[in-house]
Amino acid sequence: NKGVYYLYNNLILPKNYKLILNSGVNLFLAENINIVSYNGIDIKGTKEDTVLISSIEEDKPFGAIGVLGGENSQSYVTNLDLSNGSHGWVDNIFFSGALSIHYVDRVEIINSVISDNHSDDGLNIKYSAKVFLKGNVFDGNFSDQVDLDYCEAVVTDSKFIYYNDGINQNGDGLDLSGSIVVVNNNQFSNFLDKGLSVGEESSVLIYENNF
């Protein structure tokens, strides 16, 4: 529930439990610390009372928020502000994004900010049949802002923004592999590689975006 929490050890939920963060949760993780939920995740921030996830120390990024699921599993995220994460290995599973969601049947992320993370991806979603991303800001993550692998998705009304730090110049805004995606009414700004990368037999309908 609402409050300030500090994690100094990995938090791995039992496989039949779902991680639920209600509005007003401020969650700070120590360096390289991970959270893994095997039954999806619900983040219930509001416009007035977001859910904040970041590192305890600014120069020591946390690991990853890893979400695993199975048939009929669901994850809903609204008004999340997530920053200063990286990646993580847990139970021989690699989570390449600060927020990594694998094998969850339905994923919705709405009105959230995922920024300034230090991993390959700010957000990584793999093997999800129904992904809906709307009204989000993906900003200044180290490499790809969002990576969708083998998903069916709608990505709309969102901003993908990269700031050149003079070090990493290989990141994409939205990187698609093996996916079927509608990309509508988004803004892609300042990428030195690709704003939108469509690869590995993806099929994409792209309209009314600003590059």
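For clarity, every value in this text was computed on a predicted model and none was experimentally measured.

### Let's talk about the pairing of strand β18 (residues 144-156)
Okay, step 1: β18 sits mainly inside the fold: 10 of its 13 residues count as buried.
Okay, step 2: Of the pairings in the sheet, the one linking strand β16 (residues 121-134) to β18 comprises 10 bridges and is parallel in character. From the neighbouring strand, leucine 133 faces β18, where its bridge partner is valine 155.
Okay, step 3: Bridge count for β18 against strand β20 (residues 174-177) is 4 bridges, and the pairing is parallel. Its bridge partner lying in β20, aspartate 147 is registered against aspartate 175.
Okay, step 4: Where β18 lies against strand β21 (residues 180-184), 5 bridges are found, and the strand directions are parallel. Each residue of the ladder has a partner; that of glutamate 152, found in β21, is isoleucine 180.

### As for the nonpolar core
Okay, step 1: Ranked by internal contacts, the top residues of the largest apolar core, which has 46 residues, are Ile53, Leu99 and Leu174.
Okay, step 2: The leading source of residues in this core is β18, at 5 residues.
Okay, step 3: If we ignore the near neighbours within four places in the chain, the residues touching leucine 99 are Ile65, Val67, Leu80, Leu82, Ile109, Ile114, Gly122, Leu123 and Asn124.
Okay, step 4: With 6 residues, the next largest nonpolar core counts Val36, Ala64, Val90 and Phe95 among its residues.

### What to know about the pattern of salt bridges
Okay, step 1: Under the criterion given, the structure shown has 8 salt bridges.
Okay, step 2: A salt bridge links aspartate 49 to lysine 2, with the shortest nitrogen-to-oxygen separation between them at 3.2 Å. In this pair, aspartate 49 sits in the loop between β6 (41-44) and β7 (51-55) while lysine 2 sits in the segment before β1 (3-7), placing the two residues 47 residues apart along the sequence.
Okay, step 3: The partly exposed category is assigned to aspartate 49, whose relative accessible area is 24%.
Okay, step 4: For lysine 2, a relative accessible area of 58% gives the class exposed.
Okay, step 5: In this structure, lysine 18 and aspartate 42 form a salt bridge, with 3.4 Å as the shortest nitrogen-oxygen distance. Taken together, the residues span a long stretch of sequence, with lysine 18 in the loop between β2 (11-12) and β3 (19-22) and aspartate 42 in strand β6 at a distance of 24 residues.
Okay, step 6: For lysine 18, a relative accessible area of 27% translates into the label partly exposed.

### Considering the environment of isoleucine 35
Okay, step 1: When you line up the elements, isoleucine 35 lands in strand β5 (residues 35-37).
Okay, step 2: The exposure class assigned to isoleucine 35 is buried, which follows from its relative accessible area of 2%.
Okay, step 3: In the structure, isoleucine 35 is positioned 75 residues away from isoleucine 110 in sequence and 21 Å away in space, judged by C-alpha atoms.
Okay, step 4: Setting aside anything within four residues of it in sequence, one finds isoleucine 35 in contact with Leu7, Leu11, Leu19, Leu27, Leu29, Ala64, Ile65 and Gly66.

### Digging into the environment of leucine 13
Okay, step 1: Along the chain, leucine 13 falls in the loop between β2 and β3.
Okay, step 2: By relative accessible area, which is 12% here, leucine 13 ends up buried.
Okay, step 3: Linking leucine 13 and serine 37, residues 24 residues apart in sequence, is a C-alpha distance of 5.3 Å.
Okay, step 4: Beyond its immediate sequence surroundings of up to four residues, leucine 13 is in contact with Lys18, Leu19, Val36, Ser37 and Tyr38.

### Regarding the pairing of strand β9 (residues 74-78)
Okay, step 1: Of the two faces of β9, only one is covered, namely that formed by Ser75 and Val77; the face formed by Gln74, Tyr76 and Thr78 stays uncovered.
Okay, step 2: With 3 bridges connecting them, β6 and β9 associate as parallel partners. By the bridge assignment, aspartate 42 is partnered in β9 with tyrosine 76.
Okay, step 3: Alignment of β9 against strand β14 (residues 106-110), held across 5 bridges, turns out to be parallel. From the neighbouring strand, valine 77 faces β14, where its bridge partner is isoleucine 109.

Calculation criteria
Residues numbered from 1 in each chain as written. Predicted model: local features only at pLDDT ≥ 70, side-chain atom pairs only at ≥ 80, totals over all residues. Heavy atoms only, no water. Buried < 20%, exposed > 50% of the residue type's maximum accessible area, 1.4 Å probe, protein only. Helix = DSSP H or I, 4+ residues; strand = E, 2+ residues; numbered from the N terminus. Pairing = 2+ DSSP bridges. Core = buried A, V, L, I, M, F, W, Y, C linked by side-chain atoms within 4.5 Å. Contact = heavy atoms within 4.5 Å. Salt bridge = Lys/Arg side-chain N within 4 Å of Asp/Glu carboxyl O.

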